[in-house]
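# Observations on the model geometry
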Amino acid sequence: MKFFIDTANLEQIKEAQALGVLDGVTTNPSLMAKEGITGQENILKHYVNICSEVTGDVSAEVISTDFEGIIREGEALAALHSQIVVKVPMIKDGIKAIRYFSEKGIKTNCTLVFSAGQALLAAKAGATYVSPFIGRLDDISTDGLNLIDEIRVIYDNYEFDTQILAASVRHTMHILECAKIGADVMTGPLSAITGLLKHPLTDSGLAKFLEDHKKGN
Ligand code: G3P
């Protein structure tokens, strides 16, 4: 399972990269705004900065919602750096654009996916990644993990190459459950990744080892 970090915060990206378990980064317009990155030039520069901190794929989202606009923006984003994956919303023109990018060899991440039908369409269009938002489904009392399960079955039935990128991951249990189902990738906050480190028996066991070592010396 690949681990992506879902942030535009360079410090957090560096910290996750230093941990040695990071496979990529996802961003979205809200995450960029949260870091105070505004204006087209600054946004493009920031994507390049993120690419220079990591070795894997970096999703950069288009703002346009019409086919021509998505193509124009997506091609400009893809030209920035070889690690850029063009993030395209699950809308009719988005699907058309994903097919176009797929034929041009440009990687895509189909975002804002909330149903298995949408995920099937994204795979048919040739998306590199599909991003079902599990946390946002949980927020409205719908089982987000069940969606990952459904997509896994459908993609396996037809051997689609599209990778399931479990998005809107909020905590460690989301990561573990996605791993059990067989999501190809998860993207979440640094806290969810580092949360996997924690166990009280590790802490008490280590304290005892160090205490015994001190006594023996
Ligand atoms: O990757 C999608 C993600 O950014 C959405 O997460 O926590 O805003 O639902 P969240």
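Keep in mind that this is a model prediction, so the values were computed, not measured.

Summing up its helical and strand segments, the protein has 11 helices and 8 strands in all. Compactness check: the protein gives a C-alpha radius of gyration of 19 Å against a globular reference of 17 Å for 217 residues, within 12% of the reference. For the C-alpha atoms alone, the extent of the protein along its principal axes is close to 70 × 40 × 30 Å. Out of the 217 residues in the protein, the part that is buried amounts to 45%. Taking the contacts inside the protein whose residues are at least 6 apart along the sequence as the reference set, 57% of them involve residues at least 24 apart.

By nearness alone, every residue bordering the ligand is listed as Asp-6, Asn-28, Phe-133, Arg-136, Ala-167, Ser-168, Arg-170 and Thr-187. Contacts to the ligand include Arg-136, whose side-chain N or O atom sits 2.7 Å from an oxygen atom. The side chain of Arg-170 places a nitrogen or oxygen atom 2.9 Å from an oxygen atom of the ligand. Its residues assigned to classes, the shell around the ligand comprises 2 nonpolar, 3 polar and 3 charged.

Side chains of a nonpolar character, in soluble globular proteins, are inclined to be buried together. One finds Ile-5, Val-25 and Phe-101 to be the most contacted residues of the largest nonpolar core, which totals 55 residues. Contact partners of Phe-101, with chain neighbours within four places excluded, come to Ile-70, Ile-71, Gly-74, Glu-75, Val-86, Val-88, Ile-106 and Thr-108. With 7 residues, the next largest nonpolar core counts Tyr-129, Phe-133, Ala-167 and Val-185 among its residues.

This part covers the pattern of salt bridges. One pass over the full model with this rule turns up 12 salt bridges. One network of salt bridges, in which partners are shared, links Lys-208, Glu-211, Asp-212 and Lys-215.

With the rule as written, the count across this model stands at 6 aromatic pairs. Ring geometry for Phe-4 and Tyr-129: centres 5.7 Å apart, planes at 70 degrees, overall edge-to-face. Note that Phe-4 is positioned in strand β1 (residues 2-6) and Tyr-129 in strand β6 (residues 129-132), a separation of 125 residues in sequence. Look at Tyr-129 and you get buried, because its relative accessible area is 2%. Seen from their ring centres, Phe-67 and Tyr-100 are 6.1 Å apart, and the 90 degrees between their planes marks the pair as edge-to-face. Linking Phe-67 in helix α4 (residues 67-80) with Tyr-100 in helix α5 (residues 92-104), this pair joins segments that are 33 residues apart in sequence.

The strands making up a sheet are joined through hydrogen bonds of the backbone, oriented either antiparallel or parallel. Read around the closed barrel, the 8 strands follow the order β1-β2-β3-β4-β5-β6-β7-β8; overall the barrel is parallel. Here the average twist between neighbouring strands, direction ignored, is 30 degrees. Direction of pairing for β1 relative to strand β8 (residues 185-188): parallel, over a ladder of 4 bridges. Each bridged residue has a counterpart across the sheet, and for Ile-5 the counterpart in β8 is Gly-188. Helix α3 (residues 40-53) rests against β2 (24-26), β3 (57-61) and β4 (84-89) of the sheet, and its axis sits at about 165 degrees to β3. Those strands touched by helix α6 (residues 116-125) are β5 (108-113) and β6, and its axis lies near 165 degrees from that of β5.

Definitions and cut-offs
- Residues numbered from 1 in each chain as written.
- Predicted model: local features only at pLDDT ≥ 70, side-chain atom pairs only at ≥ 80, totals over all residues.
- Heavy atoms only, no water.
- Helix = DSSP H or I, 4+ residues; strand = E, 2+ residues; numbered from the N terminus.
- Rg over C-alpha atoms; globule rule 2.2 N^0.38 Å.
- Buried < 20%, exposed > 50% of the residue type's maximum accessible area, 1.4 Å probe, protein only.
- Contact = heavy atoms within 4.5 Å.
- Near = heavy atom within 4 Å.
- Polar contact = N/O pair within 3.5 Å; in protein donor to acceptor, adjacent residues only side chain to side chain.
- Nonpolar A, V, L, I, M, F, W, Y, C, P; charged D, E, K, R; others polar.
- Core = buried A, V, L, I, M, F, W, Y, C linked by side-chain atoms within 4.5 Å.
- Salt bridge = Lys/Arg side-chain N within 4 Å of Asp/Glu carboxyl O.
- Phe/Tyr/Trp six-rings, centres within 6.5 Å; stacked < 30°, edge-to-face > 60°.
- Pairing = 2+ DSSP bridges.
- Axes fitted to C-alpha atoms, helices over the stretch in contact; angles between N-to-C directions.

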